[in-house]
Amino acid sequence: MALLRLRVSVGFAPTSPKRKLSILNFSTCLTCEPNHIDSPPATQHASLDWQGMVLGMEYRRLGSSGMYVSEISYGNWITHGSQVESDAAIKCVRTAYDLGITTFDTADVYAATKAESVLGKALKGIKRESYELFTKVYWPTGSGKNDRGLSRKHIIESCNASLKRLKTDHIDLYQMHRFDYETPLEESLSAFDDLIRSGKVHYIGFSEWNAAQISQALGIQDAKGYNRFVSSQPQYSALWRVIESEVVPLSQKEGIGQIVWSPMAQGVLTGKYLPGKKPPAGSRATDKKSGADMISRWMRDDVLTAVQKLLPIAKSVDLTMGQLALAWVLQNPNVSSAIMGATKPAQVKENVKAAGVKLPKDVMVAIDKALGSIPTTDSKETKSPNPRA
């Protein structure tokens, strides 16, 4: 009897009208482990369809929770509602889902709330239990004095508005988008706990918090009997490693998984930006609406020269540079999922091939050697606005 090893939770798989999973019909032996089932060899990148299951994607537990997420998730921070028209955005979402991505991340503030509406439209008609829907609250969503931050008033009102835009009755993961220095932390945590108890939210997390802030929140949650955080959403890539020294060790100890954003460093790690040359027309570096200010920190010749040294490394393991960047963050055992965005379905198809890739130790060493002292590692770079935005 053949032995097939897949990284999915027992009894779980992406489903759609065209893909139905019947575990009882499997004639192949499945070998399971507590947190995952091993993936195929790294050389088998293509998504395969066997008995209706997408085999190329892999799934990991979100922290210590019982919920599984696709190890590559789809985010619409600077695409839906701004950079990409609605029809194209919907095609990207559907392509992602068809390729086994079941985790979708957004926020109330993205594209001035339009991103949530586009994602809700894109997911319409798909069985709600078959995907995990994440959104966030903190940044201003209006001009009013209470249309921001983590007050109980804004959290509850923003959650209700997000549910309407996303066309759903619950959010799988609700996240505090930054730390709020102006609202008592207990007030924010109490509101989040009430949302879980009401059934509107299943799990809670935060984004871009430092270790001290995380520890303070967990202490309050434990003392008050509130539901605990299960996730952290930090920026993380081979060029931006600020979470490694403090946030990751604390998260591993406390059962918090990382859902990382910008694993390709705003596209810099794809290698499309070359030292001494102008950015390609229409790229993120030339579009003020799609993160040109943020990417500017890496548009230096020393950074771009170092990144180009990754090209032969990527080729040596039969990956594109973008796939290598995604695979790199997924080697960290505390990472539950890496968020990728896309403006075209073809980008989704390419990026999803990073799922299941295991990079040998010598490749990881070669990446560090190529980048040298370029990566940012200072934990103090994890910041929230003070006063709040």
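Owing to the predicted nature of the structure, the values given are computational and were not obtained by experimental measurement.

**With respect to the overall build of the chain**
Thought 1: Secondary structure assignment for the chain yields twelve helices and 14 strands.
Thought 2: Relative to its 389 residues, the chain shows a buried fraction of 55%.
Thought 3: Within the structure as shown, the chain displays about 16,500 Å² of accessible surface, and the carbon and sulfur contribution to it stands at 53%.

**Description of the packing of aromatic side chains**
Thought 1: In total, this model carries eleven aromatic pairs according to the counting rule given.
Thought 2: Between Tyr138 and Trp139 the ring centres are 5.0 Å apart and the planes differ by 85 degrees, which places this aromatic pair in the edge-to-face class.
Thought 3: With a centroid separation of 6.4 Å and 80 degrees between ring planes, the pair formed by Trp240 and Trp298 is classed as edge-to-face. On the criterion of sequence distance, the pair formed by Trp240 in the loop between strand S12 (229-233) and helix H6 (247-254) and Trp298 in the loop between helix H7 (292-295) and helix H8 (301-308) is long-range, its members being 58 residues apart.
Thought 4: Its relative accessible area of 6% is what places Trp240 among the buried residues.
Thought 5: Taking the relative accessible area as the measure of exposure, Trp298 reaches 3% and is therefore buried.
Thought 6: The ring of Trp240 carries the charged tip of Arg297 above its face, separated from the ring centre by 4.5 Å.
Thought 7: Of note, Arg297 hangs over the ring of Trp298, and the distance from its end group to the ring centre comes to 5.0 Å.

**Some remarks on the side chain of Arg128**
Thought 1: Here Arg128 shows up in the loop between helix H2 (114-122) and strand S9 (132-137).
Thought 2: In terms of polar contacts, Arg128 uses its side chain to reach the backbone carbonyl oxygen of Tyr131, at 3.1 Å.

**Notes on the confidence of the model for the chain**
Thought 1: Mean pLDDT for the chain: 85, with 81% of residues reaching 70 or above.
Thought 2: Between residues 1-53, whose pLDDT stays under 50, and residues either more than four places distant or in other chains, the model counts 98 contacts.

**Concerning the nonpolar core**
In a soluble, globular protein the nonpolar side chains are often hidden away together inside.
Thought 1: One finds Tyr74, Ile101, Phe104 and Leu239 to be the most contacted residues of the largest nonpolar core, which totals 96 residues.
Thought 2: Setting aside its immediate chain neighbours within four residues, Ile101 contacts Met57, Ser70, Ile72, Ser73, Tyr74, Ala96, Met340, Val348 and Val352.
Thought 3: In terms of nonpolar packing, the next biggest core, distinct from the first, is built from nine residues, Met67, Val69, Leu173 and Ile339 among them.

**Section: the side chain of Ser73**
Thought 1: As for its position among the elements, Ser73 is in strand S7 (residues 72-75).
Thought 2: Judged by relative accessible area, Ser73 falls into the buried class, the value being 1%.
Thought 3: Within the local environment of Ser73, its side chain forms a polar contact with the side chain of Ser337, the two groups lying 2.9 Å apart.
Thought 4: If near-sequence neighbours (up to four positions away) are discounted, Ser73 is found in contact with Ile101, Thr103, Ile259, Ser337, Ala338, Ile339 and Met340.

**Comments concerning the sheet that holds strand S13 (residues 257-260)**
Thought 1: Read around the closed barrel, the eight strands follow the order S7-S8-S9-S10-S11-S12-S13-S14; overall the barrel is parallel. With direction set aside, neighbouring strand axes in the sheet form an average angle of 30 degrees.
Thought 2: Bridge count between S9 and strand S10 (residues 171-176): four bridges; the pairing is parallel. From the neighbouring strand, Thr135 faces S10, where its bridge partner is Tyr174.
Thought 3: Packing of helix H10 (residues 321-330) onto the sheet brings it into contact with S7, S13 and strand S14 (335-340), and relative to S14 it is tilted by some 155 degrees.

**Description of the environment of Val357**
Thought 1: Mapping Val357 onto the fold places it in the loop between helix H11 (345-351) and helix H12 (361-371).
Thought 2: Classification of Val357 by relative accessible area gives buried; the value is 6%.
Thought 3: Residues Val357 and Val317 lie 40 residues apart in sequence; the distance between their C-alpha atoms is 9.5 Å.

**Describing the packing of helix H1 (residues 86-98) against H2**
Thought 1: Close contact between H1 and H2 brings their axes to 9 Å; oriented N to C, the two are set at 55 degrees. The angle between the axes of H1 and H2 places the two elements in the oblique class. The crossing of H1 and H2 is right-handed. Residue-level contacts link Ser86, Ala89, Ile90, Val93 and Arg94 of H1 to Val118, Leu119, Lys121 and Ala122 of H2.
Thought 2: For the contact of H1 with H2, the residue count by class is six nonpolar, one polar and two charged.

**As for the pairing of S13**
Thought 1: Covered by surrounding structure in S13 are Gly257 and Ile259 together with Gln258 and Val260, the residues of both alternating faces.
Thought 2: On the question of chirality, the crossover connecting S12 to the parallel S13 by way of H6 is right-handed.
Thought 3: Bridge analysis of S13 against S14 gives three bridges, and the strand direction is parallel. Pairing of Val260 across the sheet is with Ala338, part of S14.

What counts as what
Residues numbered from 1 in each chain as written. Predicted model: local features only at pLDDT ≥ 70, side-chain atom pairs only at ≥ 80, totals over all residues. Heavy atoms only, no water. Helix = DSSP H or I, 4+ residues; strand = E, 2+ residues; numbered from the N terminus. Buried < 20%, exposed > 50% of the residue type's maximum accessible area, 1.4 Å probe, protein only. Areas by Shrake-Rupley, 256 points an atom, 1.4 Å probe, with all protein chains shown as cover. Phe/Tyr/Trp six-rings, centres within 6.5 Å; stacked < 30°, edge-to-face > 60°. Lys NZ or Arg CZ within 6 Å of the ring centre and 35° of its normal. Polar contact = N/O pair within 3.5 Å; in protein donor to acceptor, adjacent residues only side chain to side chain. pLDDT = per-residue confidence, 0-100. Contact = heavy atoms within 4.5 Å. Core = buried A, V, L, I, M, F, W, Y, C linked by side-chain atoms within 4.5 Å. Pairing = 2+ DSSP bridges. Axes fitted to C-alpha atoms, helices over the stretch in contact; angles between N-to-C directions. Parallel < 35°, antiparallel > 145°, perpendicular 65-115°, else oblique. Left-handed = near helix turned anticlockwise from the far one by under 90°. Nonpolar A, V, L, I, M, F, W, Y, C, P; charged D, E, K, R; others polar. Right-handed = clockwise from strand over helix to strand, strands pointing away.

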